[in-house]
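The chain contents come next:
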Amino acid sequence: GPLWERPLMEVRLGELHTWISTCNFSPQGLLAAVQRAWSSYCAKYIHVKQGGPAGISMLLAGYCLLSYGWNYQHLKRHRWRKYH
Amino acid sequence: PSAPAALRALPPPVAVGVLHTTRPLHTTQQSLAPVPPLPEKGGEVRHGLIPEEFFQFLYPKTGVTGPYMLGTGLLLYLLSKEIYVVNHETAAAACILTVIVYAIKKFGPEVAAFADKLNEEKVATAVAMKDEAIQTLQTAIEEEKKEQWRAEGRSYLFDAKRNNVAMLLETNYRERLLMVYSEVKKRLDYQVAMQTLKRQKEQDHMIQWVEKNVVQSITPQQQKESIAKCIVDLKALSKGAHAAV
C-alpha cells in the first residue's frame, strides 16, 4: 500500500526518512501509536490459545534492559577497571 | 417536546403490523458477531526471548549462524568494555534465571495441559448452552408447526359446536312442547273429572232418593201381602219341581 499507511516493519531503510516525515507526532498521534503497538504485541503473543513463556518473558527482558539503562550512571561506579 | 434530545434523535418507530419500508431494518452486516476465534499459536520466539522474525531478517545476508555471531559479539563487547558491569546482581540474576528455566522446562507441559483443560471446560459449557438453546428453539418450531396443523381442523370444531347448539335448541323446544301438552291435558282431565264426578254424584243421589222413597212406600200391609204371595209361588214351584222329578 501507500507509504504512510504501512507499519514500521514493512518500510524499507531508504524510505525510512520519508516515512518518519509522514508520522503524526502530536500527543494524540503518539498515544495512538503506543496503543497500536501494544495491541499488536498483545494480539500476536498473548491473546492466543496456546501461548508459551515467550509473551511475558519478552516484556520482562525489556523491563530488565530499560531499568539497566535508567540505572547505568549509578552502576557505572561499580566497574572493575579504572580505564577503558 | 419534553423528551430529551437523545430520544428525539432516534429514528421514528416502525408501526408493527403495517411495515413502513422507509426505515430499513438490519441492512448492514453486524460487525460484533460472530467473534473471530483466537489464533492457535502465538508468534514464533526462539529461546523464549528473540522473535523468529529477527532470524529471518538476517538469514539472507548471514545465513543461519548470523544472529548467534551477532549475539556473541555484542555480549563480548559489552563485557569487555564494561558497559555491562558484573556485580552481585549478575550472580543473583544467573541463579534466578537457572531456576526459572528449569521450572519452565519441567512443569511447563503440565501447566499448559491444566490451562487447556480449564479453557475447554469453559468452551464446553458455552457450547452446551448454545446447543441447548438451539434444541429448545427447534422443539418450539416443531410445536408451532403442530399447532398450525391443529388450527386447520377448526372447521370440524365449529361444525361440532354448531351441532351441539342445534341439539340444545331442539331439546329445549321439545321439552317446552311436552310441557304445554301435559299442562293442557291436565286442565282438560280436570274438567272431565269434574263432569264425571258431578254425574256420579247426581246418579248416586237419585238412586238413594228413589230407594228411600220406595222403602218408605212399602207399608207393613203390603209387606205381608208380598210375603204371602211369595210363599204361594214357592209352593207352586216346588210342586212343579216334584212333578218334574
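Residues numbered from 1 in each chain as written. Chains lettered and ligands numbered in written order. Predicted model: local features only at pLDDT ≥ 70, side-chain atom pairs only at ≥ 80, totals over all residues. Heavy atoms only, no water.

Novice: Let's hear about the overall build of chain A: which residues, and what values?
Specialist: Across its full length, chain A holds four helices and zero strands. Counting helices and strands in the order they occur from the N terminus, chain A gives α-α-α-α. By the burial criterion, 15% of the 84 residues in chain A qualify as buried. (Helix = DSSP H or I, 4+ residues; strand = E, 2+ residues; numbered from the N terminus. Buried < 20%, exposed > 50% of the residue type's maximum accessible area, 1.4 Å probe, protein only.)

Novice: Explain the pattern of salt bridges to me, using residue names and the numbers behind them.
Specialist: Taken as a whole and assessed by the stated rule, the structure comprises 11 salt bridges over all chains. For K44(A), the salt bridge goes to E53(B), with nearest N and O atoms at 2.6 Å. Remark: E53(B) occurs in helix α2 (residues 52–62) and K44(A) occurs in helix α2 (residues 27–46); the pair is interchain, linking two chains. Taking the relative accessible area as the measure of exposure, K44(A) reaches 33% and is therefore partly exposed. Assessed through its relative accessible area of 40%, E53(B) is described here as partly exposed. Measuring nitrogen to oxygen at the nearest pair gives 3.2 Å for the salt bridge that ties E170(B) to R174(B). Here R174(B) and E170(B) lie together in helix α5 (residues 154–217), a separation of four residues that amounts to about one turn. Exposure remark for E170(B): the relative accessible area of 37% places this residue in the partly exposed category. R174(B) gets classed as exposed once you look at its relative accessible area, which sits at 55%. One salt-bridge network, in which partners are shared between bridges, spans E183(B), K186(B) and R187(B). (Salt bridge = Lys/Arg side-chain N within 4 Å of Asp/Glu carboxyl O.)

Novice: Please give an account of the confidence of the model for chain B that cites residues and values.
Specialist: If pLDDT is low for a region, its predicted coordinates should not be looked at in detail. The share of residues in chain B with pLDDT of 70 or more is 88%, and the mean pLDDT across the chain is 88. Mean pLDDT across the secondary structure elements of chain B bottoms out at helix α1 (residues 5–9) of chain B, with 68, and peaks at α5(B), with 95. (pLDDT = per-residue confidence, 0-100.)

Novice: I'd like a rundown of the environment of R6(A), residues and numbers included.
Specialist: All names here are of chain A. Position of R6 relative to the elements: it lies in the segment before α1 (16–21). We classify R6 as partly exposed; its relative accessible area is 22%. Remark: the alpha-carbon pair of R6 and W19, spanning 13 residues in sequence, is separated by 8.8 Å.

Novice: Which residues make up the interface of chain B and chain A, and what are the values?
Specialist: Contacts between the two partners involve 22 residues from chain B and, on the opposite side, 19 residues from chain A. Between chain B and chain A, a total of about 1900 Å² is buried, with carbon and sulfur atoms accounting for 53% of that surface. The largest share of the area that chain B buries against chain A comes from E40(B), E82(B) and V85(B), three residues that together contribute 25% of it. Between the two partners, chain B and chain A, sit two salt bridges. Where E40(B) meets K49(A), a salt bridge forms, and the shortest distance between an N and an O atom there is 3.3 Å. Here chain B is connected to chain A by 11 residue pairs in polar contact (both at pLDDT 80 or more). Looking at side-chain class alone, the side of chain B that touches chain A contains 10 nonpolar, five polar and seven charged residues. (Contact = heavy atoms within 4.5 Å. Buried area = accessible area lost by both parts, 1.4 Å probe. Polar contact = N/O pair within 3.5 Å; in protein donor to acceptor, adjacent residues only side chain to side chain. Nonpolar A, V, L, I, M, F, W, Y, C, P; charged D, E, K, R; others polar.)

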